[in-house]
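# A look at the structure
Each chain is listed here by its residues.
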Amino acid sequence: MFGYIRICEPELKVKDLRRYRAFYCGLCRTLKEKYGSMGQMTLSYDLTFIAILLNSLYESELKGSACRCKTHPMKKQEMLQSEMTEYAADMNLILSYYHLRDDWQDERKPGSLLGLHALGRKAKKTAHRYPRQCRVMQRELKALEQMEASDSQNIDEAAGCFGRLMEEVLVFRRDMWEQDLRRMGFFLGKFIYIMDAYEDLEKDEEEGNYNPLKALSREPDYEERCRQILCMMIAESTAAFEKLPCLRDVDILRNILYTGVWNRYNRIQGNQEKKKERDQT
């Protein structure tokens, strides 16, 4: 359930695009420094967003640098790192570990098992530093497992599990911004979960995997209802975001929340239109 919270590149100013990439590369570098090459492979757009958000909210001191890497061996890449990229890297690793565990339990993917063995010890050690976040992650993922086992088609309840997980991740510390961060994270998490279910519906039906949208997809107004639900989720999340005193990098954050989150949805719609055109010819 990663990769939905990303920029809409054509709508972003050149200076903001460079800065976003510096955060992305900074998170990648932090994962490499803390967890090695396997940790680096878990790099997520979603956690890059969280790093930028928390940096903006808490105005963390940023350390700039530039270096080459395997992906960009010819030219040094600008990087931005801070206390918040450290936190985002830790959450990235823990969430990736749980995601791999879920994939292994559901689909028995060999790659997921290899990832679990490679990241397991480091992820468990890191988890001990975040008992509050990890306690909620485990509780909500367990609730999701039970819903999957019963083939629950209550999309709101299923998405709520991931919403509560995401709200806990956004709460870096319990302070005056906690409630707005929780509300923002809760609805953003629900948006991610529903978008993931929407994108995977056809594959899940073919492979017999759990998907809480299967029942709704039989309804004639399925597409419109899905769009309405997604719009409601992101509207609630952005309303909470606008209450936060984020000034630094706010254009990047708004680009992601108001436009970038729809990248995959728009691509799915485009593919559906192309398929209809092919079927008609």
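Residues numbered from 1 in each chain as written. Predicted model: local features only at pLDDT ≥ 70, side-chain atom pairs only at ≥ 80, totals over all residues. Heavy atoms only, no water.

### A few points about the overall build of the chain
Within the chain one finds ten helices and two strands. In the chain, the succession of α and β elements from N to C terminus is α-α-β-β-α-α-α-α-α-α-α-α. For 281 residues, the compact-globule formula gives about 19 Å, and the C-alpha radius of gyration of the chain, at 19 Å, lands near that figure. Overall, the C-alpha framework of the chain stretches about 50 × 45 × 40 Å when taken along its three principal axes. Out of the 281 residues in the chain, the part that is buried amounts to 52%. Of all intrachain contacts in the chain linking residues separated by at least 6 positions in sequence, the fraction that spans at least 24 positions is 72%. Split by element, the accessible area of the chain, about 14300 Å² in all, is 50% carbon and sulfur. Measuring between centres, the 46 positive side-chain charges of the chain sit 8 Å from its 45 negative side-chain charges. (Helix = DSSP H or I, 4+ residues; strand = E, 2+ residues; numbered from the N terminus. Rg over C-alpha atoms; globule rule 2.2 N^0.38 Å. Buried < 20%, exposed > 50% of the residue type's maximum accessible area, 1.4 Å probe, protein only. Contact = heavy atoms within 4.5 Å. Areas by Shrake-Rupley, 256 points an atom, 1.4 Å probe, with all protein chains shown as cover. Lys, Arg positive; Asp, Glu negative; His and termini not counted. Charge placed at Lys NZ, Arg CZ, Asp CG, Glu CD.)

### Side note on the packing of helix H2 (residues 45–58) against helix H7 (residues 178–207)
Close contact between H2 and H7 brings their axes to 14 Å; oriented N to C, the two are set at 165°. It follows that H2 is roughly antiparallel to H7 by the angle criterion. In this structure, the crossing between H2 and H7 has a hand that is right-handed. Where H2 abuts H7, its residues Asp 46, Phe 49, Leu 53, Leu 57 and Tyr 58 lie against Leu 181, Met 184, Leu 188 and Ile 192. In the contact of H2 with H7, the residues fall into eight nonpolar, no polar and one charged. (Axes fitted to C-alpha atoms, helices over the stretch in contact; angles between N-to-C directions. Parallel < 35°, antiparallel > 145°, perpendicular 65-115°, else oblique. Left-handed = near helix turned anticlockwise from the far one by under 90°. Nonpolar A, V, L, I, M, F, W, Y, C, P; charged D, E, K, R; others polar.)

### Description of the packing of helix H1 (residues 14–40) against H2
The interhelical angle for the contact between H1 and H2, taken along N-to-C directions, is 110°, at an axis separation of 10 Å. As far as their axial angle goes, H2 and H1 are roughly perpendicular. Where H1 crosses over H2, the handedness of that crossing is right-handed. Only Tyr 45, Leu 47, Thr 48, Ile 52 and Asn 55 of H2 make contact with H1, whose side of the interface consists of Tyr 20, Phe 23, Tyr 24 and Leu 27. Split by residue class, the contact of H1 with H2 holds seven nonpolar, two polar and no charged.

### Section: the pairing of strand E2 (residues 77–81)
Among the five residues of E2, four are classified as buried, and the element is accordingly described as predominantly covered. Of the strand pairs in this sheet, strand E1 (residues 63–67) and E2 are connected by five bridges, and their pairing is antiparallel. What sits directly across from Ala 66, in E2, is Glu 78. (Pairing = 2+ DSSP bridges.)

### Thoughts on the pattern of salt bridges
Across all of its chains, the model carries 23 salt bridges by this definition. Note that Asp 90 and Lys 34 form a salt bridge whose closest N and O atoms lie 2.7 Å from each other. Taken as a pair, Asp 90 in helix H3 (residues 83–107) and Lys 34 in helix H1 lie far apart in primary sequence, 56 residues in all. The class for Lys 34 is partly exposed, based on a relative accessible area of 30%. Salt bridges sharing common partners tie together Arg 132, Glu 167, Glu 168, Arg 174, Glu 178 and Arg 182. (Salt bridge = Lys/Arg side-chain N within 4 Å of Asp/Glu carboxyl O.)

### Regarding the layout of surface pockets
Regions of empty space are outlined by a rolling probe, equal in size to a water molecule, passed over the atoms. Volume-wise, the largest pocket comes out at about 790 Å³. Contributing to the lining of the largest pocket are 28 residues, with Arg 21, Tyr 24, Cys 25, His 72 and Gln 77 lying nearest its centre. Every element with two or more residues in the lining of the largest pocket is listed here: H1 and E2. Tallying contributions element by element places H1 first for the lining of the largest pocket, with eleven residues. Residues that form the lining of the largest pocket fall into these classes: eleven nonpolar, six polar and eleven charged. (1 Å grid on protein atoms, 1.4 Å probe; cavity = no way out; pocket = protein on both sides within 12 Å on 5 of 7 lines; lining within 4 Å. Points joined across faces, edges and corners; volume = space filled by probe spheres on them.)

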